[in-house]
Amino acid sequence: MNIPLAQAHFTKSASAVKDFPTDSRAEVAFCGRSNAGKSSAINALCRQNSLARTSKTPGRTQLINFFKLDGDSYLVDLPGYGYAKAPAKVQQQWQHLMKNYLVIRNALCGLILVMDIRHPLTKIDWTMIRWTEHYHRPLYILLTKVDKLNRNDTVKTLTKVTSDLEKQGIDCGVQVFSSTKKIGISQAQEKISAWLSEALEQTIDVN
Ligand code: GDP
C-alpha cells in the first residue's frame with residue numbers, strides 16, 4: 001500500500017489528549033528542537049509550501065497539529081522543544097503533553113526526529129530518544145540542512161551520529177536531508193509510507 005504524503009491536509013490542533021482525533025488508525029509524528037527545520041521538512045515531504053507553519057512564537061500554548069492522509073492515517077507535528085527562552089511553565093507543559101501523547105497514542109507507529117546536521121544529538125534530543133525507547137516507539141532520524149555542510153563534514157557527522165546511537169544501543173535509521181535543496185525526500189517518504197502501510201495492514205488483520 002502506498003500512502004501519498006501530498007494528500008496531507010490540516011485537520012486540527014490539540015493541546016490536550018481529549019482533543020486528539022479519534023479516527024486515526026496509523027500515524028507518524030515529527031519532533032525536534034525549535035528551528036531544527038521540522039516544519040520545512042514536513043512541507044517538503046508533503047510537497048506543499050505552507051502545510052506546517054515555518055514561523056512560530058516561542059512561549060505560546062504548545063499545540064500538536066494533525067494532518068490527515070488517505071485511509072485514516074495521519075502525520076503529526078509535535079511542538080518544537082529546547083527553545084532557551086521558553087518559560088519554565090511552557091517547558092513543563094511541553095513535557096506533559098509529549099509524554100501523554102507517547103503513552104496513550106495507540107495509532108503512533110513511528111517518530112521522525114529532525115535534527116540540524118550542524119548541531120545533532122543535543123541533550124534534549126537524547127531525552128526524546130530515550131522516551132521513544134522507553135515507550136517502544138520506532139524512531140527514524142533526519143539530519144536536515146545538509147546543504148549547509150560540505151561532503152566531507154556530512155560523511156563525518158553521519159558516521160559519528162550513527163556510531164553514537166549504536167553505542168547507546170539505539171536501533172534506528174538515520175539519513176541526511178535538505179528541505180531547500182530537496183535532498184533525501186523520497187528516501188524519507190518511503191520510510192514514512194512503509195510505517196503507515198504496515199500499521200494499516202495490521203489494523204485490518206485485527207478487525
Ligand atoms: P522548525 O522550528 O523546526 O519547524 O524549523 P523551520 O522549518 O521553521 O526552519 C527553521 C529555519 O531553518 C527557517 O529559516 C528555514 O528556512 C531554515 N531551514 C529549514 N530547513 C532547511 C534546509 O534544509 N536547508 C536550509 N539551508 N535551511 C533550512
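Residues numbered from 1 in each chain as written. Predicted model: local features only at pLDDT ≥ 70, side-chain atom pairs only at ≥ 80, totals over all residues. Heavy atoms only, no water.

**Some details on the overall build of the protein**
Our working rule: A run of H or I in DSSP counts as a helix once it spans at least four residues, and a run of E counts as a strand once it spans at least two, with each numbered from the N terminus. We take the radius of gyration over the C-alpha atoms and set the globule estimate at 2.2 Å times the residue count to the 0.38 power. The contact criterion used is simple: two residues touch if any of their non-hydrogen atoms lie within 4.5 Å. For the accessible areas, the method is Shrake-Rupley and the probe is 1.4 Å, while residue cover comes only from the protein chains on display. Lys and Arg are tallied as positive, Asp and Glu as negative. Neither His nor the chain termini are counted. Positions of charges follow a simple convention, taking NZ of Lys, CZ of Arg, CG of Asp or CD of Glu.
Within the protein one finds 5 helices and 7 strands. Overall, the protein shows an N-to-C arrangement of helices and strands of β-β-α-β-β-α-β-α-β-α-β-α. In terms of overall size, the protein behaves like a compact globule, its C-alpha atoms giving a radius of gyration of 16 Å where 207 residues would be expected to give roughly 17 Å. Projecting the C-alpha coordinates of the protein onto the three principal axes gives extents of approximately 50 × 40 × 35 Å. Counting contacts in the protein only where the partners sit at least 6 residues apart, residues at least 24 apart contribute 78% of the total. Put simply, the protein shows about 10700 Å² of open surface, and 49% of that area lies on carbon and sulfur atoms. Where the 27 positive side-chain charges of the protein centre and where its 18 negative ones centre are 10 Å apart.

**Side note on the pattern of salt bridges**
Condition: A side-chain nitrogen of Lys or Arg and a carboxyl oxygen of Asp or Glu constitute a salt bridge if their distance falls within 4 Å. To sort residues, take the accessible area from a 1.4 Å probe on protein chains only and compare it with the maximum for the residue type: under 20% means buried, over 50% means exposed, and anything in between is partly exposed.
Taken as a whole and judged by the stated rule, the model has 11 salt bridges. Between Asp116 and Arg118 there is a salt bridge; the shortest N-O distance is 2.8 Å. Given the relative accessible area of 8%, Asp116 is considered buried. Under the relative-accessibility criterion, Arg118 is labelled partly exposed at 36%. The salt bridge involving Arg130 is made with Glu133; its shortest N-O contact spans 3.0 Å. Note that Arg130 and Glu133 are positioned in helix α3 (residues 123-134) at a spacing of 3 residues, about one turn of the helix. Look at Arg130 and you get partly exposed, because its relative accessible area is 31%.

**Some points on the packing of aromatic side chains**
A ring pair, where both rings are aromatic, is described by two values, the distance of the centres and the angle of the planes. Keep this limit in mind: A pair of aromatic rings is counted whenever rings of Phe, Tyr or Trp (Trp by its six-membered ring) have centres within 6.5 Å, and the orientation is called stacked for planes under 30 degrees apart, edge-to-face for over 60 and tilted otherwise.
One pass over the full model with this rule turns up 7 aromatic pairs. Where Phe66 meets Tyr74, the ring centres are 6.1 Å apart and the plane angle is 90 degrees; that geometry is what we call edge-to-face. The exposure classification of Phe66 matches that of Tyr74, with both residues buried. Note on Tyr140 and Trp195: the rings are 6.4 Å apart at their centroids and 85 degrees apart in plane angle, and the pair reads as edge-to-face. Taken as a pair, Tyr140 in strand β6 (residues 139-144) and Trp195 in helix α5 (residues 185-206) lie far apart in primary sequence, 55 residues in all. Through pairs of rings, three or more aromatic residues link up here, namely Phe20, Phe66, Tyr74 and Tyr101.

**Considerations on the layout of surface pockets**
The criterion, for reference: Points on a 1 Å grid over protein atoms alone make up a cavity when a 1.4 Å probe fits among them but cannot get out, and a pocket when they form an open set with protein on both sides within 12 Å along at least five of seven lines; lining residues each have an atom within 4 Å of a point. Grid points are joined across faces, edges and corners, and a volume is the space filled by probe spheres set on the points.
Within this model, the second largest pocket holds a volume of roughly 200 Å³. Considering the residues around the second largest pocket, the lining is formed by Ile129, Thr132, Glu133, His136, Arg137, Pro138, Leu139, Gly169, Ile170, Asp171, Lys191 and Trp195. For the lining of the second largest pocket, the elements supplying multiple residues, two or more each, are α3 and α5. Here the lining of the second largest pocket gets 3 residues from one element, more than from any other, and that element is α3.

By themselves, these are just geometric observations and shouldn't be taken as functional.
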